Amino acid sequence: MATVVAVIASTHHPFYYRASMSTGADRPPFADEWVAKIEAFRETLTKARPDILVMVGSDHFHQLWLDNMPQFLVGKAPYFDANWYNEEREFGLPRMTLPGEERLAAHILRNGLDADFDLAFSNELRIDHSITCPIITLRPDADLPIVPIYTNIFAPPLPRPKRFVELGRTIRQLVESWPDDKRVAIIGTGHLSLELGGPRQFGAHGPDPEFDRKAIEWIASGDVEGCLAEVTLDSLHQPGNATHGFMDFMLMMGVAGAGAKADHVDSLDLFHTMEAYFTWYPNGVPT
Amino acid sequence: MSKYLLDKFLFTVDRDPALVERYREDAAGTVAWWEAEMANRILNCTGDERSTWLRFTDEERTALREHDHVALFGMGAHPFLTLTLFIAMFERDHGPLEYQKAYGKAMEHLALPYPDIST
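All values reported here derive from a predicted model rather than from experimental measurement.

Enquirer: Hey, could you run me through the overall build of chain A in this one?
Expert: Counting secondary structure elements, chain A contains 9 helices and 10 strands. Computed over the C-alpha atoms, the radius of gyration of chain A is 17 Å, within 12% of the 19 Å expected from 2.2 N^0.38 for a compact globule of 287 residues. Judged by the C-alpha coordinates and their principal axes, chain A covers about 50 × 45 × 40 Å. Residue burial in chain A is summarised as follows: out of 287 residues, 51% are buried. A separation threshold of at least 6 residues defines the contact pool for chain A, and within that pool the share at least 24 residues apart is 82%.

What follows is the structure, given as structure tokens:
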């Protein structure tokens, strides 16, 4: 049977790639600290020795559009091309091609449907920075097959937070019920408090540092119930108008399991938004 | 109100490098052309199989013609789409992050709850 060797939750910051590659006067003052934190975070995945990555993210109006918008979608294809013109333009992200793991995708789709998640699927999916940012930070060689899973945190009406947690629990069960003897890491990215296109954007910190502090505590301690007690679709407007991306962190709390304390916790207070990085080892810390 | 159509304009222009430049240089002309030729195009269908009913209100058309991101926000256009396209058009005229900060400052009079972006 497949083993979940690591569960990883992270913010996905499209500025990281350019900041980490920049030199001289172009290099921002926070770049060295950011790179050091990312390299430590990367090591938490490397030492788990995964064979396959299940990658949870959210399309930012690239391939998925309002004329046909899925709530949850699994990519099932032999390859996934990645990154889009507007991400190249704004963030300098490189174009990539990642191999897919179709057999695990098929298993997740079949058994997810049978577990009452009406998952949409795509056989030709070009993925965006919600999935390529963690590839760049955590597995820059991009050498492992992936199963991308997209959630709708972007185009209301959205599923409620509890549904994200439940999907996370189900993804964990689905991976662990896959008969192949593979080592699987489940990686998901979202946001803490974030404002995009509104009056609180691009401040000296994230728009709501108090929310960020609580969010990191919920995630690090596995406090799923405490988080669900406070976070609703309505409440997420308060910390910033793009904070619904936090629901992908809630999904990852569902993957990690209630009460599961993260084995690696780190954060970085940047302008505009707080970065946060978490790794759990469900089967023990690898040696 | 046709929030969906505003979003469709922003989405289809933002993903096309030539249209980004055309909208920057000739907003009124681009909006008129787009409403006539593109508004009713179903993106995943052939050109003959079009919708028949999509058009902007006068207020929406004016906001797009005037590159008025504050008005677009007020009408419930998706803020991510507006921001991404406007950065593509205007960031180049400013220093690092200057445009993004000015964009937010132009909306500092707005308080929660923000306009509903549901479509």
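On we go.
Enquirer: Looking at this model, I keep getting lost on the overall build of chain B. Mind explaining?
Expert: Across its full length, chain B holds 7 helices and 0 strands. Relative to a compact globule of 119 residues, whose C-alpha radius of gyration would be 14 Å, chain B shows 15 Å and is just as compact. Overall, chain B is about 45 × 30 × 25 Å in size when its C-alpha atoms are taken along their principal axes. Taken across its 119 residues, chain B has 28% of its residues classed as buried.

Enquirer: Sorry, what's going on with helix 4 (residues 58-65) of chain B here?
Expert: Structural remark: α-helix, 3.6 residues per turn; residues separated by three or four positions point the same way. Residue and element names in this part refer to chain B. For helix 4, the full list of buried residues reads Glu60, Ala63 and Leu64. Buried residues of helix 4 fall within an arc of 95° about the axis and therefore sit on the same side. The inward-facing, buried residues of helix 4 abut helix 1 (3-14), helix 3 (27-37) and helix 5 (69-74). Following helix 4 by one or two positions, His67 has its phi on the positive side, about 50°.

Enquirer: Please explain the pairing of strand 1 (residues 3-11) of chain A as it appears in this structure.
Expert: Side-chain direction in a regular strand flips from residue to residue, so the side chains alternate between the two faces of the sheet. All names here are of chain A. Burial of strand 1 is extensive: 8 of the 9 residues sit out of reach of the surface. Sheet topology places strand 1 next to strand 8 (residues 183-190); 8 bridges connect them, and they run parallel. Residue pairing in the sheet places Ala9 in a bridge with Gly188 of strand 8. Summarising the sheet, strand 1 and strand 10 (residues 274-280) pair through 4 bridges and their orientation is antiparallel. Along strand 10, the bridge assignment pairs Ser10 with Tyr277.

Enquirer: Looking at this structure, I do not really get the packing of helix 1 of chain B against helix 6 (residues 79-90) of chain B. What am I missing?
Expert: A pair of packed helices is captured by two measures, namely the crossing angle of their axes and the spacing between those axes. Residues and elements named next belong to chain B. Their axes nearest at 9 Å, the elements helix 1 and helix 6 cross at an angle of 40°. By the angle class used here, helix 1 and helix 6 are oblique. Read as a crossing pair, helix 1 and helix 6 show a hand that is left-handed. Contacts between helix 1 and helix 6 pair Asp7, Leu10, Phe11, Val13 and Asp14 from the former with Leu81, Thr82, Thr84, Leu85 and Ala88 from the latter. Partitioned by chemical class, the residues of the contact of helix 1 with helix 6 number 6 nonpolar, 2 polar and 2 charged.

Enquirer: I'm lost on the interface of chain A and chain B in this one. Help?
Expert: A common way to report how large an interface is uses the accessible area buried once the components associate. The interface is formed by 22 residues belonging to chain A together with 30 residues belonging to chain B. When the residues that make up the side of chain A that touches chain B are grouped by side-chain class, the tally is 10 nonpolar, 8 polar and 4 charged.

Enquirer: Mind showing me how you'd approach the nonpolar core here?
Expert: One recurring pattern in soluble globular proteins is that nonpolar side chains are buried together. One finds A:Val54, A:Ala185, A:Ile186, A:Ile219 and A:Met250 to be the most contacted residues of the largest nonpolar core, which totals 104 residues. In terms of residue count, helix 9 (residues 246-256) of chain A provides more of this core than any other element does, 9 residues in total.

Enquirer: How should the pairing of strand 4 (residues 79-82) of chain A be read in this particular structure?
Expert: Residue and element names in this part refer to chain A. Here strand 4 shows a buried face lined by Phe80 and Ala82 and an unburied face lined by Tyr79 and Asp81. Bridging between strand 4 and strand 5 (residues 96-99) involves 4 bridges; their strand directions are antiparallel. Across the sheet, Ala82 pairs through a bridge with Met96, a residue of strand 5.

The rules behind these values
Residues numbered from 1 in each chain as written. Chains lettered and ligands numbered in written order. Predicted model: local features only at pLDDT ≥ 70, side-chain atom pairs only at ≥ 80, totals over all residues. Helix = DSSP H or I, 4+ residues; strand = E, 2+ residues; numbered from the N terminus. Rg over C-alpha atoms; globule rule 2.2 N^0.38 Å. Buried ≥ 20, exposed ≤ 12 C-beta atoms within 10 Å, placed from the backbone. Contact = placed C-beta atoms within 7 Å. Arc of directions from axis to C-beta. Pairing = 2+ DSSP bridges. Axes fitted to C-alpha atoms, helices over the stretch in contact; angles between N-to-C directions. Parallel < 35°, antiparallel > 145°, perpendicular 65-115°, else oblique. Left-handed = near helix turned anticlockwise from the far one by under 90°. Nonpolar A, V, L, I, M, F, W, Y, C, P; charged D, E, K, R; others polar. Core = buried A, V, L, I, M, F, W, Y, C linked by C-beta atoms within 7 Å.

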